[in-house]
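In case you want the letters, here they are:
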Number of protein chains: 2
Amino acid sequence: MKRREFVRKATLGAVAGSALTTSTLAGCGASPDQGGAAAVQTRPRVRWQLISSFPRSLDTIFGAAEVLSERVSELTDGRFTIRVFPAGELVPYNQVLDSVQKGTVAIGHSASYYFIGSNPALAFDCTVPFGLTVRQYNAWMYHGNGLALTRELFADFNVLNFPGGNTGTQMGGWFRDEISELGDLNGIKMRIPGLGGKVMDQMGVNVQVLAAGEIYTALERGALDATEWSGPYDDQRLGFHKVARNYYYPGWWEPAPGLSFYINRDEWAKLPADYQAALASSAAEANIDMLAEYDKKNPAALESLLADGVNLRPFPQDVMLEAERISKDMMSASAAADPAYRKIYEDYIGWQKQSNRWMRTAEHTYASFAFREK
Amino acid sequence: MKRREFVRKATLGAVAGSALTTSTLAGCGASPDQGGAAAVQTRPRVRWQLISSFPRSLDTIFGAAEVLSERVSELTDGRFTIRVFPAGELVPYNQVLDSVQKGTVAIGHSASYYFIGSNPALAFDCTVPFGLTVRQYNAWMYHGNGLALTRELFADFNVLNFPGGNTGTQMGGWFRDEISELGDLNGIKMRIPGLGGKVMDQMGVNVQVLAAGEIYTALERGALDATEWSGPYDDQRLGFHKVARNYYYPGWWEPAPGLSFYINRDEWAKLPADYQAALASSAAEANIDMLAEYDKKNPAALESLLADGVNLRPFPQDVMLEAERISKDMMSASAAADPAYRKIYEDYIGWQKQSNRWMRTAEHTYASFAFREK
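Calculation notes
Residues numbered from 1 in each chain as written. Chains lettered and ligands numbered in written order. Predicted model: local features only at pLDDT ≥ 70, side-chain atom pairs only at ≥ 80, totals over all residues. Heavy atoms only, no water. Buried < 20%, exposed > 50% of the residue type's maximum accessible area, 1.4 Å probe, protein only. Helix = DSSP H or I, 4+ residues; strand = E, 2+ residues; numbered from the N terminus. Pairing = 2+ DSSP bridges. Contact = heavy atoms within 4.5 Å. Polar contact = N/O pair within 3.5 Å; in protein donor to acceptor, adjacent residues only side chain to side chain. Salt bridge = Lys/Arg side-chain N within 4 Å of Asp/Glu carboxyl O. Buried area = accessible area lost by both parts, 1.4 Å probe. Expected span 1.5 Å × (residues − 1). Axes fitted to C-alpha atoms, helices over the stretch in contact; angles between N-to-C directions. Domains from an automatic or database assignment.

K.L.:
Teacher, can you tell me more about the pairing of strand 10 (residues 246-249) of chain B here?
P.N.:
The side chains of a regular strand alternate between the sheet's two faces. All names here are of chain B. Neither face of strand 10 is exposed, since Asn246 and Tyr248 on one face and Tyr247 and Tyr249 on the opposite face are all buried. Pairing of strand 6 (residues 173-175) with strand 10 involves three bridges; the strand directions are antiparallel. If you follow Trp174 over to strand 10, its bridge partner there is Tyr247.

If you want it as structure tokens, here you go:
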């Protein structure tokens, strides 16, 4: 038997280091306040499984869960280990929240807009059309009301949520034909899920829902005219640029998708305080690290796509304006119909408005100058 | 004697948990592979002092060191404690690097551009005029060559550096009179330190260096015509808006000042691996947290300043262009004169150029639309 396995079996039931310390010390004939043995303590062996909503092939977004897992292990001297499973290996991507709620696994990593069927307000934990940028989102989550408000929502699922990664503003996707004005969207067949799909539907798009593996062939055969996915690094691997040559931006329906770690509250309560701190700190690290990794990888992928002759195009202004109008109407209607939704919505848009004034001042003015084409 | 003090004395010499585990267990008559006592281990009691380059009154930037300190304590069940001292209490703000190098204290928190007198290339660890934005900086640090290159520089100081906070793009400062064109800078007396001051000097500004406490009175009396400081939240507390009513943006000399934790390498080497991990993870958390806190606080402060009648003004385009030209010439000259500077400079500007192409696509286009005045 390996030592670690033995240790695990000996201590798996223990969840509070301090309690075990006392009993162990008593066994050595020393009380906690007498002698050098008082410095000895135990850290219980805990093994968790983590289910991700993402496949291994999306290595950056999947990797955020690995960042958390590795750091938690380091922080606990290998005593708290978290094994990360990709989507589909234990459960499908859209059953992550449900599985954590039931306690089938202790922790999940997902995008909360996958679960707006359970509660529409969960979208604010991830992103909404024309919503916050990533800096506005982190400010709202860590120093505004965001974390408290989303935790109220997740309490209904017996889940404690932590921000756990972001892609930044995504691309608007791949179109076989050019979109010069709003009217060009009419009747085109586009794969776009979620709220973005609902807005596109109201702009005349024939919205399709296809699994990831089916998109390329549908685009190639003309069963689809367009698809959205993520950003250059992830998109390039799926090869859409080979069959749809117009790459539109920005993905106004995903201005800053925030990933979250979901932790079953019963499992959380069993952890000693230092293990809880290890999860919280590692989640914050995974949050900043995933964005930095995408920000590092996307530029080279975009260069490569452009070298391949892809046409980079902004959405026409009338598309942006109409999409914004529809999005705001849609969310206002949800707020009017549901007090729980309204509570978080009003805080979110109030913060957005206040933040925009500052964000467009120093940061955005500098960026407009620094990023200009030279 | 408090229990914690006792524990510290009993274990202060211990730096490797595993080594102590064995001897402690031996004292209990059990080998590591026999019995439940094998789960017991020690975590040594370690007490560090941290010197900050910032006063307590700058609560957000000073607070980043407290975030690290509190999290490290939680992660180690209170066994690794770091007491945070504000600038001037143990050493002045500009002796933080030197003190950590000498081992007077184990850890410091500072802005590396304070130390360009020791090595001009240290500026890249913080910020340079017309340099990276905060997302570009984090991508470069965590997933580009930034951390490896800056660590080469800090190795000469026996220091290991970790990114530890950012303000985002700062404001350009407070001017008694309006600046309508480049020529208006000629002869004005402005308090602006560092590289920004060198660039301003070349644009005809009469550059002044004053301590923080002297600025307000000098502005009020007309001994100064202008001063830069930070952003709305910090600036408002110093009251400059009462005596200089034009608030310019952006602070092109500080597009994303990154703070750093400096750790003495000998002290680092004495730590067990889990304590090292605690420092690394907490530094990353402090990094994302400080920016989020400024991003939360600055909008309200800006609103309040505007309500007070402050004139918010962008620097004229000819000022921006000339400042950029001078900045680039200055850094090119440093690179030509110093191979060590050139090594990091070329990586930095190569990354900046590659990143700008992507950053201006989805993220910046979305932000331009979302932040527009409505």
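K.L.:
Looking at this structure, how should I read the environment of B:Glu363?
P.N.:
Take B:Glu363: it is sitting in helix 14 (residues 362-370). In this structure B:Glu363 comes out as buried when scored by relative accessible area, which is 13%. Separated by 162 residues in sequence, B:Glu363 and B:Asp201 place their C-alpha atoms 34 Å apart. Apart from the residues lying within four places of it in its own chain, the contact partners of B:Glu363 are A:Thr133, A:Gly168, A:Thr169, A:Pro255 and B:Arg135. Within the structure, B:Glu363 has its side chain in polar contact with the backbone nitrogen of A:Thr169 (distance 2.8 Å).

K.L.:
Help me understand the pattern of salt bridges in this model?
P.N.:
A pair can form between side chains of opposite charge whenever their charged atoms are brought close. Residue and element names in this part refer to chain A. Considering all chains together, one arrives at 42 salt bridges over all chains under this definition. Note that Asp59 is salt-bridged to Arg237, the shortest N-O span being 3.4 Å. On the criterion of sequence distance, the pair formed by Asp59 in helix 3 (residues 59-75) and Arg237 in helix 9 (residues 232-238) is long-range, its members being 178 residues apart. Taking relative accessible area as the criterion, Arg237 reaches 46% and is therefore assigned partly exposed. Lys297 is paired through a salt bridge with Glu293; the nearest N and O atoms lie 2.7 Å apart.

K.L.:
Looking at this model, I keep getting lost on the side chain of A:His364. Mind explaining?
P.N.:
Position of A:His364 among the secondary structure elements: in helix 14 (residues 362-370). Given the relative accessible area of 11%, A:His364 is considered buried. Here the side chain of A:His364 touches B:Ser368 through a polar contact of 2.9 Å, side chain to side chain. In this view, A:His364 contacts A:Met359, B:His364, B:Ala367, B:Ser368 and B:Phe371; residues no more than four positions away in its chain are not counted.

K.L.:
Looking at this model, I keep getting lost on the interface of chain B and chain A. Mind explaining?
P.N.:
Interface size, as often reported, equals the accessible area lost upon joining of the parts. Counting residues at the interface gives 93 residues for chain B, matched by 93 residues for chain A. Note on chain B versus chain A: buried area summed over both sides is about 8400 Å², and carbon and sulfur give 64% of it. Contact with chain A buries area across many residues of chain B, yet B:Trp358, B:Tyr366 and B:Phe371 alone supply 11% of it, more than any other trio. Summed over the shared surface of chain B and chain A, the number is 10 salt bridges. Of the charged contacts, one joins A:Arg135 and B:Asp295 as a salt bridge, the two residues approaching to 2.8 Å between their closest N and O atoms.

K.L.:
How should helix 11 (residues 273-307) of chain A be read in this particular structure?
P.N.:
A turn of α-helix holds 3.6 residues, and therefore any two residues three or four places apart point the same way. Residue and element names in this part refer to chain A. Taking 1.5 Å of rise per residue, the 35 residues of helix 11 would be expected to cover 51 Å, and the 52 Å separating its terminal C-alpha atoms lies within 8% of that figure. Counting buried residues along helix 11, 28 of its 35 residues qualify, which places the element largely inside the surrounding structure. Count one or two residues on from helix 11 and you reach Gly309, which has phi positive near 90°.

K.L.:
So what exactly am I meant to see when it comes to the sheet that holds strand 2 (residues 46-52) of chain B here?
P.N.:
Strand pairing in a sheet is mediated by backbone hydrogen bonds. Such pairs are either parallel or antiparallel. All names here are of chain B. A sheet is described by the order of its strands in space; here five strands give the open sequence 3-2-4-11-5, paired in mixed fashion. The sheet is open, and its two edges are formed by strand 3 (80-85) and strand 5 (159-166), each paired on a single side. Taken over all neighbouring pairs, the strand axes of this sheet differ in orientation by 25° on average, direction set aside. One ladder, built from six bridges, connects strand 5 with strand 11 (residues 258-264); its direction is antiparallel. By the bridge assignment, Leu160 is partnered in strand 11 with Ile263.

K.L.:
Any chance you could explain the domain arrangement of chain A here in plain terms?
P.N.:
Residue and element names in this part refer to chain A. As assigned here, chain A comprises domain 1 (2-166 + 256-296) and domain 2 (173-254 + 308-334 + 341-370). Each partner contributes residues to the interface: domain 1 has 28 residues there, and domain 2 has 27 residues. Of all residues in domain 1, Phe124, Pro129 and Phe130 bury the most surface against domain 2, accounting for 31% of the area lost on that side. A salt bridge links Glu152 to Lys343; the nearest nitrogen and oxygen atoms lie 2.9 Å apart. Here domain 1 is connected to domain 2 by 17 residue pairs in polar contact (both at pLDDT 80 or more).

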